Amino acid sequence: MNGLERILAAVRFQPTDRVPFVPQLFGYAAIAAGFRLADYLHDGQLLAECQLRSRETLGSDAVFAFTDFSIEAEALGARLEYYDAQYPDIVVPVLQPQEDAGRLAPPDPASAGRLPQVLHAVGLMRAAVGESCCVAGAITGPMTLATQLYGTETALFIAVDDPERFERALDLATATALSFGAAQLAAGAHAMVVFDPAASPAVAPADFFRTRLQPRLARLVAGLRAAGAQIVWLNVAGPTAPILSLYAEIGVDIATFDYYVDAAAAQRLLPRTCLAGNLKSLDFLLPEAAPRIGAQASALIQAFSTRGGFILSSGCEIPPESAAAAVSALAHAAGAKAGTCRS
Amino acid sequence: MVNAGPVPPASPANGFSLLIAALLAGDHAAALAETRQLRALGVPPEQIVTAGLEVAMGRLDEKCTVEQFNLLEIMLVGRAVSVVVHELYPEGIQPEKGRATFVIATLEGDVHDLGKNIVRTVLLGKGFRVVDLGRDCPVDALAAAAEREQARAVLVSGLISTVVPQVRRVRAALRARGLDHVAVVAGGAALKQLAPADLDVDYVAETAFDGARYLENLLAAEEAAA
Ligand code: B12
């Protein structure tokens, strides 16, 4: 089986030759190859090369065209500050506290900010791997982008004090995600990962998720599918137990679960949805954690052995500066072999 | 002059329950009005903190289990608490009035501060003096502030992995200033994945309330020993 077949089989709860192995390695691919993160995030070709190299080294089943959570906000007009070894942050948000997102239109993926670099990376990766491995595009989800437009704290107060204005921010964010996602699918992505960290109950209460976010996520997923996505993956970190069961109605193929939710609980909450998780991301900073990571990964594989519908992964991003030994321990537990994913 | 405000409470006791209810409802306008009523009845600021804010914080703590955590609700309570504290102490809480001083920050390169702000409000609500150095704060500035403010503890909030090496330097930066007695407490979604020994801190808090309890116990143990 190749990487794409393995992931598709897991999504359909069919048997696989080994557990699908999709570590959330993004900026790590640049740092491990000796590049500055700021360069990786600006240069689609460099991003593609680093992702392909990382997959070649570890034998993972997917490559990611993910840059950072601020890329869409930047394309909408936010000003970012970049660093050598860490992700950028927003220094000037898109909107002032009193402004309305209704005056904005989704940015053009072919020309706005760094969005074209992502499309370039998707195209290069797809050309390199063909159908042998999953090329995953990435978009920032509605809640995360809506809160980035104003800055999180301001946005959350608007959500309470002026809910209708916040709904317009959510609608703009949903439209932006759909248009950028569709462009990545057109450029060759097999799968689309919707990263919506701010939709986590760590930030948005579960009933807020149900009433404001779930309908928009469902619309987004349907739109991505209509645009050709073979796989839609909803990736929300943190204590998601109160919202996981809603993912089935949203219609996602793969759901991330973080270390806060154990395997048995995740299976109970999403009996028919492929789950990806749930190693603790900060453990990967510690080279001495390698044996523990290996043991936890084996236990996870065991916990899903009869049910299937599982992808071995971390519950959140594996940090860029992680220890190579810790990352290898995960690959080892999956039984992944380096250099096995070429077309 | 016609008083257009709320009907005056019959007694301070009634005023306190109205204040606590307003705080827990996150209604900052009502909380401010009740605070002004209590002041007009001659209730001193310290008592408004201990019998009003602290009680409200205690109730919030009981409500905020991991399953029931509601950031929006906590932020609204936080906004109301800040408005009341500002009304009571427009110049900020003075060291001798607060129970102890803590300095808090998120470290250089980390711009997450929602969690830090909640910790600050919870501690303010419990009557402590909190010096907030904001986000993106260098370790040396944190240690310097601990010295200047005679802090009992420094509190670091960390949401991204890149701050871990800086957290490990906090203790040494304090020692370099002879501040061996200052406790170091860490929290936040990234740091709480690690053990105190990994970070060289005294305690890693799961939540803001958990951290506040640790600090209260620390001070209580010291008082008992003294
Ligand atoms: C909101 C948010 C943001 C907002 C922050 C707004 C703000 N003003 O704080 C914005 C949009 C700016 C942001 C930016 C980024 N973020 Co961010 N963000 C989050 C998010 C969604 C929620 C964090 C949060 O505020 N939680 C709510 C608060 C209340 O929780 P908390 O901080 O844990 O605090 C509680 C307790 O821990 C405790 N506590 C906290 N601190 C302390 C301290 C002490 C002493 C004590 C006692 C207690 C305590 O008190 C609170 C109540 O109990 C998380 C994802 C998630 N689901 O957790 C990602 C997350 C933290 N971000 C992440 C990343 C990667 C980034 C960016 C790099 C994104 C990018 N550009 O691509 C930038 C980083 C910029 C920078 N240099 O810092 C990652 C971190 C990954 C990692 N392992 O390092 C996360 C986990 C998202 C993910 N990958 O899924 N982010």
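The rules behind these values
- Residues numbered from 1 in each chain as written.
- Chains lettered and ligands numbered in written order.
- Predicted model: local features only at pLDDT ≥ 70, side-chain atom pairs only at ≥ 80, totals over all residues.
- Heavy atoms only, no water.
- Phe/Tyr/Trp six-rings, centres within 6.5 Å; stacked < 30°, edge-to-face > 60°.
- Helix = DSSP H or I, 4+ residues; strand = E, 2+ residues; numbered from the N terminus.
- Buried < 20%, exposed > 50% of the residue type's maximum accessible area, 1.4 Å probe, protein only.
- Lys NZ or Arg CZ within 6 Å of the ring centre and 35° of its normal.
- Donors = N, O, S within 2.8 Å, 3.2 Å for Na, K, Ca; no water.
- Polar contact = N/O pair within 3.5 Å; in protein donor to acceptor, adjacent residues only side chain to side chain.
- Contact = heavy atoms within 4.5 Å.
- Axes fitted to C-alpha atoms, helices over the stretch in contact; angles between N-to-C directions.
- Parallel < 35°, antiparallel > 145°, perpendicular 65-115°, else oblique.
- Left-handed = near helix turned anticlockwise from the far one by under 90°.
- Pairing = 2+ DSSP bridges.
- Right-handed = clockwise from strand over helix to strand, strands pointing away.
- Salt bridge = Lys/Arg side-chain N within 4 Å of Asp/Glu carboxyl O.
- Near = heavy atom within 4 Å.
- Disulfide = S-S within 2.5 Å.
- Expected span 1.5 Å × (residues − 1).
- Core = buried A, V, L, I, M, F, W, Y, C linked by side-chain atoms within 4.5 Å.
- Domains from an automatic or database assignment.

(A) Structural detail: the packing of aromatic side chains. Residues and elements named next belong to chain A. Counted under the stated rule, the structure contains 14 aromatic pairs over all chains. Their ring planes at 90° and their centres at 5.5 Å tell us that Phe26 and Phe195 sit as a pair that is edge-to-face. Taken together, the residues Phe26 in the loop between helix 1 (3-11) and helix 2 (27-32) and Phe195 in strand 5 (residues 191-195) connect sequence positions 169 residues apart. The interplanar angle of 40° and the centroid separation of 4.6 Å between the aromatic rings of Phe66 and Phe195 together place this pair among those described as tilted. With Phe66 in the loop between strand 1 (62-64) and helix 5 (71-75) and Phe195 in strand 5, this residue pair connects regions lying 129 residues apart in the sequence. Classification of Phe195 by relative accessible area gives buried; the value is 3%. Pairwise contacts between aromatic rings join Phe26, Phe64, Phe66, Phe69, Phe195 and Trp233 into one cluster. Residue placement shows Arg272 over the ring face of Phe13; its charged tip is 4.4 Å from the ring centre. For Lys280, the ring lying beneath its charged end belongs to Tyr259, and the centroid distance is 5.0 Å.

(B) Structural view of the coordination of the cobalt atom of the ligand. Among protein atoms, the single one acting as a donor to the cobalt atom of the ligand is His112(B) (NE2), 2.2 Å away. Tracing the chain through its elements places His112(B) in the loop between strand 1 (101-106) and helix 5 (114-125).

(C) Fine view of the side chain of Gln193(B). Locating Gln193(B) in the fold gives a position in the loop between strand 4 (183-187) and helix 8 (196-199). Engagement of the side chain of Gln193(B) in a polar contact is seen with the backbone nitrogen of Ser281(A), the distance being 3.5 Å. Once you skip the residues sitting within four places of it in the chain, Gln193(B) turns out to touch Tyr259(A), Lys280(A), Ser281(A) and Leu282(A).

(D) Local environment of unusual backbone geometry. Each neighbour pair has its own omega, and for Gly277(A) with Asn278(A) the value is -15°, a cis peptide bond. Mapping Asn278(A) onto the fold places it in strand 8 (residues 274-279). A positive phi angle, near 55°, is found at Asp200(B), a position not held by glycine. Along the chain, Asp200(B) turns up in the loop between helix 8 and strand 5 (203-204). Given a relative accessible area of 34%, Asp200(B) falls into the partly exposed group.

(E) A look at the packing of helix 2 (residues 28-40) of chain B against helix 4 (residues 71-88) of chain B. All names here are of chain B. Interaxial distance between helix 2 and helix 4 falls to 8 Å at its minimum, and their mutual angle equals 30°. Here helix 2 lies roughly parallel to helix 4, going by the angle between them. Crossing geometry of helix 2 relative to helix 4 is assigned as right-handed. The segment helix 2 lies against helix 4, with His28, Ala31, Leu32, Thr35, Arg36 and Arg39 engaging Arg79, Ala80, Val83, Val84, Glu87 and Leu88.

(F) View of the pairing of strand 6 (residues 231-235) of chain A. Residue and element names in this part refer to chain A. Most of strand 6 is tucked away: five of the five residues are buried. A two-sided burial pattern is seen for strand 6, the buried positions comprising Ile231, Trp233 and Asn235 on one face and Val232 and Leu234 on the other. Two elements, strand 5 and strand 6, share five bridges in a ladder whose sense is parallel. By the bridge assignment, Met192 is partnered in strand 6 with Val232. Each parallel crossover has a hand, and for strand 5 linked through helix 10 (residues 206-226) to strand 6 it is right-handed. Strand direction decides the pairing type here: strand 6 and strand 7 (residues 254-257), joined by two bridges, are parallel. The residue of strand 7 that forms the bridge with Leu234 is Ala255.

(G) Just the interface of chain B and chain A, in detail. Taken together, the contacts link 21 residues of chain B with 23 residues of chain A. Remark: the boundary between chain B and chain A carries one salt bridge. Between Asp161(A) and Arg79(B) there is a salt bridge, with its nearest N and O atoms 2.9 Å apart. Listing elements by their share of the side of chain B that touches chain A, those giving two or more residues are helix 4, helix 5 and helix 7 (164-175) of chain B. Looking at which element gives the most residues to the side of chain B that touches chain A, the answer is helix 4 of chain B, with five residues.

(H) Representation of the site of the ligand within the structure. Lining the immediate surroundings of the ligand are 45 residues, of which Pro88(A), Gly109(B), His112(B), Asp113(B) and Ser157(B) lie closest. Looking at the residues close to the ligand, they fall on chains A and B. Between the ligand and Ser70(A), the relevant distance is 3.2 Å, taken from a nitrogen atom to a side-chain nitrogen or oxygen of the residue. Measuring from a nitrogen atom of the ligand, one finds a backbone N or O atom of Pro88(A) at 2.7 Å. At the level of elements, helix 5, strand 3 (153-157), strand 4 and helix 9 (208-225) of chain B are the ones that each hand at least two residues to the shell around the ligand. Looking at which element gives the most residues to the shell around the ligand, the answer is helix 5 of chain B, with four residues.

(I) Quick look at the pattern of salt bridges. Scanning all chains against the criterion turns up 35 salt bridges over all chains. Two residues, Arg114(A) and Asp68(A), come together in a salt bridge whose shortest N-O distance is 2.8 Å. Taken together, the residues span a long stretch of sequence, with Arg114(A) in the loop between strand 3 (89-92) and helix 6 (115-129) and Asp68(A) in the loop between strand 1 and helix 5 at a distance of 46 residues. Salt-bridge contacts for Asp132(B) lead to Lys116(B); the nearest nitrogen and oxygen are separated by 2.9 Å. One end of the pair, Asp132(B), is in strand 2 (residues 129-132); the other, Lys116(B), is in helix 5, and 16 residues separate them in sequence. Lys116(B) sits in the buried class, given a relative accessible area of 2%. Put simply, Glu167(A), Asp171(A), Arg212(A), Arg216(A) and Arg219(A) are held in one network by salt bridges that share partners.

(J) Spatial organisation of the state of the cysteines. Residue and element names in this part refer to chain A. Going through the model one piece at a time under the given rule, you end up with zero disulfides over all chains. Of all cysteine sulfurs in the structure, the one in Cys133 sits closest to Cys134, which takes part in no disulfide; the separation is 6.8 Å. Owing to a relative accessible area of 3%, Cys134 belongs among the buried residues under this scheme.

(K) Seen up close, helix 9 of chain B. All names here are of chain B. End to end, helix 9 covers 26 Å across 18 residues, agreeing with the expected 26 Å (1.5 Å per residue, within 8%). Against helix 3 (45-63), strand 1, helix 5, strand 3, strand 4 and strand 5 lie the buried residues of helix 9. For helix 9, the N-terminal cap is Thr207; the gap from its side-chain oxygen to the backbone nitrogen of Phe209 is 3.3 Å.

(L) Summary view of the nonpolar core. One finds Met143(A), Leu149(A), Tyr247(A) and Leu312(A) to be the most contacted residues of the largest nonpolar core, which totals 211 residues. With eleven residues, helix 4 of chain B is the largest single contributor of residues to this core. Counting residues domain by domain, this core receives three or more from each of domain 1 (12-88) and domain 2 (101-225) of chain B. Apart from the residues within four sequence positions on either side, Met143(A) is in contact with Leu156(A), Phe166(A), Leu170(A), Asp196(A), Ala198(A), Ala199(A), Ala204(A), Phe208(A) and Leu213(A).

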